[in-house]
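# Reading the structure
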Amino acid sequence: MSAGVAKLRVAYDDKQLLHNHSAWSFVPWHALAGVRNNSLKKAARYRGEKPRPDLPKREELEATSRRFA
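First, a word on what this report is: a plain description of the structure on this page. (Residues numbered from 1 in each chain as written. Predicted model: local features only at pLDDT ≥ 70, side-chain atom pairs only at ≥ 80, totals over all residues. Heavy atoms only, no water.)

### What about the layout of surface pockets?
Applied cut-off: Using a grid of 1 Å spacing that covers the protein atoms alone, one calls a set of points a cavity when a 1.4 Å probe fits there but cannot get out, and a pocket when the set is open and has protein on both sides within 12 Å along at least five of seven lines; lining residues are those with an atom within 4 Å of a point. Grid points are joined across faces, edges and corners, and a volume is the space filled by probe spheres set on the points. The nonpolar class holds Ala, Val, Leu, Ile, Met, Phe, Trp, Tyr, Cys and Pro. Asp, Glu, Lys and Arg form the charged class, and all remaining residues, Gly among them, are polar.
A volume near 160 Å³ is recorded for the largest pocket. Around the largest pocket sit Arg45, Tyr46, Arg47, Glu49, Pro51, Arg52, Pro53, Leu55, Pro56, Lys57 and Glu59, which together line it. Residues that form the lining of the largest pocket fall into these classes: five nonpolar, no polar and six charged.

### A few points about the side chain of arginine 58
Stated formally: Helix numbers and strand numbers start at the N terminus; a helix is a DSSP run of H or I with at least 4 residues, a strand a run of E with at least 2. Think of it in three bands: with a 1.4 Å probe and only protein chains considered, a residue is buried below 20% of the maximum accessible area for its type, exposed above 50%, and partly exposed in between. By the convention used here, residues are in contact when the closest approach between their heavy atoms is within 4.5 Å.
You can see arginine 58 is positioned in helix H2 (residues 58-65). With relative accessibility at 1%, the residue arginine 58 sits in the buried group. For arginine 58, the contacting residues outside a window of four places in its chain are Trp29, Leu32, Ala33, Gly34, Val35, Leu40, Ala44, Arg45 and Tyr46.

### Overview of H2
Filter applied, for reference: Note that the arc is defined by the directions from the helix axis to the C-beta atoms.
Regarding H2, the residues found buried are Arg58, Glu62 and Ser65. Angular distribution of buried residues about the axis of H2 spans 70°; they occupy a single face of the element.

Right, dumping it as structure tokens:
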């Protein structure tokens, strides 16, 4: 590994998962229910937010994600 490449760093406990930019993690939509921030608005929108027809609806994503473990 070259000196300029970051090493993968991940820490987990029963309350949170922390990692640096070189690790990927996935959170189901239903675990983000009610969380509103600009990063999430780039992927989906709630019904009361400024509409973007090209984005899925958060309510639908949350309902679908509840069907999977």
